[in-house]
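Remarks on the overall topology
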Amino acid sequence: MSKKTREDTGQQPPSPGSDPSPAGRDAAASPPGLPRPLDDSKVTDERPPRSIFHLGLIEMGRIGEFAVRVVAAHVQTLIGIPVDILDPVEIPEEAFQHHRQQYDAGLVIKHLNERVNLPQSRILGIVAADLCSPILTYVYGEAEIGGKVAVVSTHRLSQNEDGSPTAKERYYERLAKVALHEVAHTFSLYHCDDPQCLMHFSPKVVHLDHITLAFCDRCEFMIRENVLQLYRRPPVH
Amino acid sequence: MTGRIKILVVDDELIVRESLIGWLRKSGYEVAGAEGGRQALSILAEKDYDLVFLDFKMPEMSGIEVLEQIKANYPQTMVVLITAYGSIQTAVEAMKLGAHDYLMKPFEPEDLVLLVEKLLNQKKILDENLLLREQVQTKIRCEDLIGASKCMHQLFGLIEEVARAESPILIRGETGTGKELVAKAIHSRSQRCYGPFIPINCGAFTETLLEGELFGHETGAFTGAVRAKKGRLEMAHEGTLFLDEIGEIPLKMQVDLLRVLEQRTLHRIGGNQEIPVDFRLICATHRDLLREIERGNFRQDFYYRLNVIEIEVPPLRERDEDVPVLAQHFAERFRRETNKPILGIQQPALDLLSSYDWPGNVRELENAIERAVVLAKGRYLTRDDFAFLFKATPAQGIPQSLKENEKQHIDRILKHCKGNITKAANVLEISRITLHSKIKKYGLQPSMK
């Protein structure tokens with residue numbers, strides 16, 4: 001699986017005040033105040049590769065390039081972790097549940113964990129198919145608390161409660177919210193009681209529309225702390 | 001419901017169990033899983049859970065069987081039955097047996113969220129209800145802290161002042177003066193009044209038992225510890241801990257308690273987990289702790305940690321004007337409790353009570369009134385109803401002459417009345433002149449105030 005650079009995708013650095021120098025372009029992907037990720041060219045046996053500090057974004061099924069870039073930009077900005085957009089893969093067939101005509105989100109995560117060997121410390125899969133879990137009739141996304149992989153589905157985000165199609169802008173906003181929520185779970189964040197916070201559990205799209213595109217102060221603090229931990233103690237592969 | 005909410009998921013299907021556990025953990029709950037009824041019951045035997053999700057159809061024990069056991073042994077725990085084989089009949093049967101709700105797999109995400117929120121709110125209300133009942137009882141008992149004397153008015157003022165502070169308090173006073181009532185009054189007027197008031201008499205336990213009682217223990221911490229138990233320190237979280245007879249506490253435990261007070265965390269016996277505790281400490285003693293420090297029985301550092309504010313509860317003999325007020329109050333209370341048609345206490349009886357020196361303080365007075373109310377034949381309590389207070393002690397049980405008895409009795413009454421001839425004559429129901437002549441006859445020395 002090859003890695004597309006930001007230049008490949010035409011993606012711009014998300015941080016408006018980022019350093020325009022060549023070194024600064026890499027650093028632009030790092031959150032402000034965080035140590036700069038290592039340059040691949042200077043990798044030694046002791047230093048982990050730069051991509052270990054990144055999140056790998058994988059399209060699984062036909063999502064659309066713009067939607068993927070929207071998610072990447074939001075994750076970089078609000079989580080503060082650089083994003084590599086990776087080549088698309090097919091959603092694993094072993095995750096398909098014939099009796100429910102849906103894909104089991106847990107099995108998709110398991111597939112990405114076990115079968116896809118990627119250096120990135122976090123992986124986010126975006127699927128077009130409808131996802132479910134053994135206990136829930138559907139899920140917008142799934143992630144393990146403190147794990148490596150999260151997955152989100154676009155399937156139920158493009159319609160309103162009454163079945164009417166939703167506006168594109170709202171669809172992208174919902175997708176970004178679900179992606180941020182699930183990625184934050186991989187940084188050990190729990191559901192939040194603040195009804196405006198991105199970590200508040202949203203069982204329906206109407207609830208997703210109600211929350212803001214921001215973490216509450218407490219969750220934002222937790223995210224920053226846990227992302228910093230990633231730089232302090234890089235995962236060992 | 002204190003600390004983190006604990007939920008147990010019981011399902012024989014691993015994938016379902018782990019999926020539900022995962023979802024609940026994401027919501028910040030402390031979650032455990034069990035693959036069957038027997039494992040679930042052994043987990044419940046070790047720790048209290050707020051909510052149990054219980055699969056209806058399991059191989060070794062059915063959900064209904066497990067539900068019956070849970071309701072019988074852990075009635076405070078809420079149970080939700082989950083099944084893929086649901087029907088109205090099973091739902092009705094489960095609800096009749098005490099299940100709080102019923103879910104069919106797979107659930108709608110919103111149904112699960114709303115159900116968990118609803119049940120945890122119900123649990124919170126039930127727990128608050130228990131707490132409020134406790135509060136009402138505490139309030140009723142606080143009413144016994146009454147007095148018309150100047151020193152009691154000063155005490156009431158001091159209680160109001162110190163209640164709002166968070167500092168530890170040391171209450172000093174003789175046995176039976178009402179030190180616990182003072183502690184309860186402070187708690188009920190403090191910002192922690194909605195938290196629990198947890199009293200423990202440190203003098204009533206052996207060292208080993210006291211340690212277990214204060215710190216609690218984990219399962220298997222010692223022989224017989226078949227179930228984990230919270231200690232009083234943990235139970236007092238967000239409330240007030242009242243350590244009565246603190247002077248009796250062993251030196252080793254003084255160090256342990258000092259550590260808890262400094263670090264605000266504790267470990268149960270046999271446990272590794274650090275448990276945060278937040279309580280206000282009120283201690284009481286009848287001992288002179290400074291003398292105990294000199295003797296090496298009490299740690300100085302512990303004393304200064306406890307004794308930030310000191311309150312002295314005066315003995316009843318030093319506030320004899322409170323005796324009639326307290327006597328009437330207790331008579332009214334026991335009249336209500338025993339449903340006896342007692343209208344009050346006659347004045348001579350009140351004078352007699354005031355003349356007694358009450359070595360057992362308010363508690364002795366309370367017991368005396370209770371005994372008098374229970375045994376009273378008339379509508380008013382009379383001197384005769386309190387004659388038992390002045391009965392000869394066993395040491396004086398040797399046959400004595402009438403003269404000797406009269407001499408001792410007058411001497412005792414004079415002492416009780418602090419040499420006040422008028423008061424003593426009233427109690428003895430003789431004139432002042434007669435009393436003077438008897439004092440002269442027996443060569444008594446009326447003690448002066």
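Our subject is the structure listed above.
About the cut-offs
Residues numbered from 1 in each chain as written. Chains lettered and ligands numbered in written order. Predicted model: local features only at pLDDT ≥ 70, side-chain atom pairs only at ≥ 80, totals over all residues. Heavy atoms only, no water. Helix = DSSP H or I, 4+ residues; strand = E, 2+ residues; numbered from the N terminus. Buried < 20%, exposed > 50% of the residue type's maximum accessible area, 1.4 Å probe, protein only. Contact = heavy atoms within 4.5 Å. Areas by Shrake-Rupley, 256 points an atom, 1.4 Å probe, with all protein chains shown as cover. Core = buried A, V, L, I, M, F, W, Y, C linked by side-chain atoms within 4.5 Å. Pairing = 2+ DSSP bridges. Axes fitted to C-alpha atoms, helices over the stretch in contact; angles between N-to-C directions. Salt bridge = Lys/Arg side-chain N within 4 Å of Asp/Glu carboxyl O. Phe/Tyr/Trp six-rings, centres within 6.5 Å; stacked < 30°, edge-to-face > 60°. Lys NZ or Arg CZ within 6 Å of the ring centre and 35° of its normal. Disulfide = S-S within 2.5 Å.

Considering the overall build of chain B
- Looking only at helices and strands, chain B features 18 helices and 16 strands.
- Per-residue burial over chain B gives 47% buried out of 449 residues.
- Once local pairs closer than 6 in sequence are excluded, the contacts in chain B between residues at least 24 apart make up 70%.
- In the form shown here, chain B has an accessible surface area of approximately 22800 Å², with 51% of it arising from carbon and sulfur atoms.

Overview of the side chain of K26(B)
- Within the secondary structure layout, K26(B) lies in helix α1 (residues 14-26).
- Assessed through its relative accessible area of 6%, K26(B) is described here as buried.
- Apart from the residues lying within four places of it in its own chain, the contact partners of K26(B) are E142(A), A143(A), I145(A), E182(A), H185(A), Y190(A) and H191(A).

As for the nonpolar core
- In terms of nonpolar packing, the biggest core is built from 48 residues, with L57(A), I79(A), L124(A) and F215(A) touching the most fellow members.
- Residue assignment for this core shows that the elements contributing at least two residues are β2 (55-60), α3 (65-79), β3 (83-86), β6 (122-127), β9 (149-153), α5 (168-186), α6 (205-210) and α7 (217-232) of chain A.
- Looking at this core, the element that brings in the most residues is α5(A), giving nine residues.
- Aside from chain neighbours lying at most four places away, what touches L124(A) is L55(A), G56(A), L57(A), I58(A), V71(A), A150(A), V151(A), V152(A), A179(A) and V183(A).
- Ranked by size, the runner-up nonpolar core spans 46 residues in total, among them F201(A), V16(B), Y29(B) and L112(B).

Quick look at the environment of G195(B)
- Mapped onto the fold, G195(B) is located in the loop between α7 (179-188) and β7 (197-201).
- Linking G195(B) and A236(B), residues 41 residues apart in sequence, is a C-alpha distance of 7.7 Å.

A look at the sheet that holds strand β10 (residues 240-244) of chain B
Residues and elements named next belong to chain B.
- Overall, parallel pairing links the five strands, which are arranged β7-β10-β13-β6-β14 in an open sheet. Bordering the open sheet on either side are β7 and β14 (309-312), each of which pairs with just one other strand. The mean angle between the axes of side-by-side strands here comes to 20°, regardless of whether they run parallel or antiparallel.
- Examined bridge by bridge, β7 and β10 share five bridges and lie parallel to one another. Bridge pairing in β10 links I200 to L243.

Re the pattern of salt bridges
- Under the criterion given, the structure shown has 43 salt bridges over all chains.
- One salt bridge connects D130(A) with R156(A), and the closest N-O pair in it is separated by 2.9 Å. Placement of the pair is D130(A) in the loop between β6 and β7 (131-132) and R156(A) in the loop between β9 and α5, with a sequence separation of 26 residues.
- A residue is classified by how much of its surface remains accessible, and D130(A), at 11% relative accessible area, is buried.
- We classify R156(A) as partly exposed; its relative accessible area is 29%.
- One salt bridge in this structure joins E262(B) and R305(B), with 3.3 Å as the shortest N-O distance. Taken as a pair, E262(B) in helix α10 (residues 251-263) and R305(B) in helix α12 (residues 300-306) lie far apart in primary sequence, 43 residues in all.
- Exposure remark for E262(B): the relative accessible area of 52% places this residue in the exposed category.
- What makes R305(B) partly exposed here is its relative accessible area of 25%.
- Here the salt bridges share partners, and the residues they tie into one network are D11(B), E13(B), D55(B) and K105(B).

With respect to the packing of aromatic side chains
Residues and elements named next belong to chain B.
- Following the criterion strictly, the structure yields ten aromatic pairs over all chains and no others.
- Residues Y356 and W358 carry aromatic rings whose centres are separated by 4.6 Å and whose planes lie at 85° to one another, so their mutual orientation is edge-to-face. When sorted by exposure, Y356 lands in the same class as W358, which is buried.
- When the ring centre of F388 is taken as origin, the NZ or CZ atom of R371, which lies over that ring, is 4.0 Å away.

Some details on the state of the cysteines
- Going through the model one piece at a time under the given rule, you end up with zero disulfides over all chains.
- Looking at C219(A), it has no disulfide partner, and the nearest cysteine sulfur is the one in C216(A), 3.6 Å off.
- Accessibility expressed as a relative area gives 2% for C219(A), which makes it buried.
- Free cysteine: C283(B), not disulfide-bonded; nearest cysteine sulfur from C202(B) at 7.4 Å.

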